[in-house]
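# Architecture at a glance
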Number of protein chains: 2
Amino acid sequence: MNIYLAGPDVFLPDALAVGQRKQDICRRYGLTGLYPLDNTVDLAARDSSLQIFKGNQAMMDAADAIIANLTPFRGSSADPGTVYELGYLAGRGKLCLAYCNDPTPYAERVAGLTAVTRSPDNRLVDADGLTVEDFGLPDNLMMIHALDLHGRPLVMPRKKPEDVWHDLAAFEECVRLAAGKPG
Amino acid sequence: MNIYLAGPDVFLPDALAVGQRKQDICRRYGLTGLYPLDNTVDLAARDSSLQIFKGNQAMMDAADAIIANLTPFRGSSADPGTVYELGYLAGRGKLCLAYCNDPTPYAERVAGLTAVTRSPDNRLVDADGLTVEDFGLPDNLMMIHALDLHGRPLVMPRKKPEDVWHDLAAFEECVRLAAGKPG
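Just so we're clear, the structure is a prediction, and the values are computed from it rather than from any experiment.

The rules we used
- Residues numbered from 1 in each chain as written.
- Chains lettered and ligands numbered in written order.
- Predicted model: local features only at pLDDT ≥ 70, side-chain atom pairs only at ≥ 80, totals over all residues.
- Pairing = 2+ DSSP bridges.
- Helix = DSSP H or I, 4+ residues; strand = E, 2+ residues; numbered from the N terminus.
- Axes fitted to C-alpha atoms, helices over the stretch in contact; angles between N-to-C directions.
- Contact = placed C-beta atoms within 7 Å.
- Least-squares fit on C-alpha atoms with pLDDT ≥ 70 in both.
- Buried ≥ 20, exposed ≤ 12 C-beta atoms within 10 Å, placed from the backbone.
- Nonpolar A, V, L, I, M, F, W, Y, C, P; charged D, E, K, R; others polar.
- Domains from an automatic or database assignment.
- Right-handed = clockwise from strand over helix to strand, strands pointing away.
- Core = buried A, V, L, I, M, F, W, Y, C linked by C-beta atoms within 7 Å.
- Parallel < 35°, antiparallel > 145°, perpendicular 65-115°, else oblique.
- Left-handed = near helix turned anticlockwise from the far one by under 90°.

What follows concerns the sheet that holds strand β1 (residues 2–6) of chain B. Residues and elements named next belong to chain B. Taken together, the four strands give an open sheet; going across it, the order is β2-β1-β3-β4, and neighbouring strands pair in parallel fashion. Each of the sheet's edge strands pairs with one partner strand only, and the pair in question is β2 (32–34) and β4 (95–99). Within this sheet the neighbouring strands show an average axis-to-axis angle of 25 degrees, counted without direction. Bridge analysis of strand β3 (residues 65–69) against β4 gives five bridges, and the strand direction is parallel. The residue bridging Ala 65 from the neighbouring strand is Leu 95, located in β4. The sheet strands contacting helix α1 (residues 15–28) are β1 and β2, and the helix crosses β2 at an angle near 155 degrees.

What follows concerns the relation of the copies chain B and chain A. In the superposition of chain B on chain A (RMSD 0.0 Å, axial shift 0.0 Å), the rotation amounts to 180 degrees. This pairing of chains is accounted for by a two-fold axis. Most of the interface of chain B is mirrored in chain A, where 100% of its interface residues are also at the interface.

Take unusual backbone geometry next. Residues and elements named next belong to chain A. Look at Arg 74: it is not a glycine, yet its phi comes out positive at around 55 degrees. One non-glycine residue, Asn 122, adopts positive backbone phi at about 70 degrees. Tracing the sequence through the fold places Asn 122 in the loop between β5 (117–118) and β6 (124–125). Assessed through the 7 C-beta atoms surrounding it within 10 Å, Asn 122 is described here as exposed.

Turning our attention to the interface of chain B and chain A. Across the contact, 41 residues belong to chain B and 41 residues belong to chain A. Secondary structure elements with two or more residues in the side of chain B that touches chain A: α2 (48–62), α3 (80–91) and α5 (141–150) of chain B. No other element matches α3 of chain B, which puts eleven residues into the side of chain B that touches chain A. Considered class by class, the residues forming the side of chain B that touches chain A number 23 nonpolar, 13 polar and five charged.

Here we come to the domain arrangement of chain A. When the parts come together, some accessible area is lost, and that loss is often what is quoted as the size of the interface. All names here are of chain A. Its domain assignment divides chain A into domain 1 (2–103 + 140–179) and domain 2 (104–137). Taking the mean C-alpha position of each, domain 1 and domain 2 sit 27 Å from one another. When grouped by side-chain class, the residues that make up the side of domain 1 that touches domain 2 number four nonpolar, three polar and one charged.

Across the five residues that make up β4 of chain B, a large majority, four, are buried. Between the parallel elements β3 of chain B and β4 of chain B, the chain passes through α3 of chain B in a crossover that is right-handed.

This part is about the nonpolar core. Counting 88 residues, the largest nonpolar core has Ile 66, Leu 86 and Ala 98 of chain A together with Ile 66, Leu 86 and Ala 98 of chain B as its most contacted members. Other than its neighbours up to four places away in sequence, Ala 98 of chain B contacts Ile 67, Ala 68, Leu 70, Leu 86, Leu 147, Leu 154 and Cys 174 of chain B.

Residues and elements named next belong to chain B. At a minimum axis separation of 11 Å, α3 and α5 run at an interaxial angle of 30 degrees. Between α3 and α5, the crossing angle belongs to the class labelled roughly parallel. Between α3 and α5 lies a crossing of left-handed hand. Residues Val 83, Leu 86 and Ala 90 of α3 pack against Met 143, Ala 146 and His 150 of α5.

The structure is reproduced here in structure tokens:
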């Protein structure tokens, strides 16, 4: 089984090493991890970003499943590139798994970053008056329920690990689920 | 042609009115706009968020195309729920269109929200040391190039309109493109 390893991990200073650790874990469960940075891209080329897209899409098309890292990235939600990929693979009918290393509910995350109040019509709103989703879910309901219906429920640690970008326990749990191994 | 109207518009105080304006514009071009808030959901039910997901997914499955509002939402990127939907419809092979009412390149957007510097290995990085995409694109390359390859290039105004949530000129341009009408 080929698993597309989606996540903002590619933006880490040690992006290659993290990808190798993830691929090693996949291998231990008899699975193959496909990591975006394994694509060959000419970063000096004018169309380098398009090359990255095409490489990632070919990798996704070759995958049987996705494990997406939905840990909040640069704000209260998951990395949008990763979310696009989760949607793409759900649309293609592939098995969808994901983890998030911050179990804080979404409304709490937003409240930690900006003023959240009650509007006169009793909506939870941010400083711009836009509704803050308040279903007790860790992120936007589209991603969370996509996992419920197209794969396995989001995997989260009980407590946020000290290093959210390098703790791979929740990732490994996703790999275990993908491999169909009992916990 | 049925067009799924994706966007954080559903979080606006006047979400229903904005949806009606978008549907009116679609109608003028001979198209049908499918707006998530037209689904019937029991918001008092325990599984209300799942009901919303199922309604949105059924609407997406009934759509021939998507017009996604990728205007930055609560940070430097598009709303992740909208991005999931764009990915889902790209995966389903539907026509993908989108607009963004803020033409600021992504790296500039991030720099406006947090400290952005050069790392010793010459990457543009945020305060956490994570790479800031710097291709001159307005958002993560996965969404931008998905539009190039699965539909029409992202539509943006030359200048950010005063009211990014209610100015529908860029939206109407997407509708015009979907209808195949000359500009």
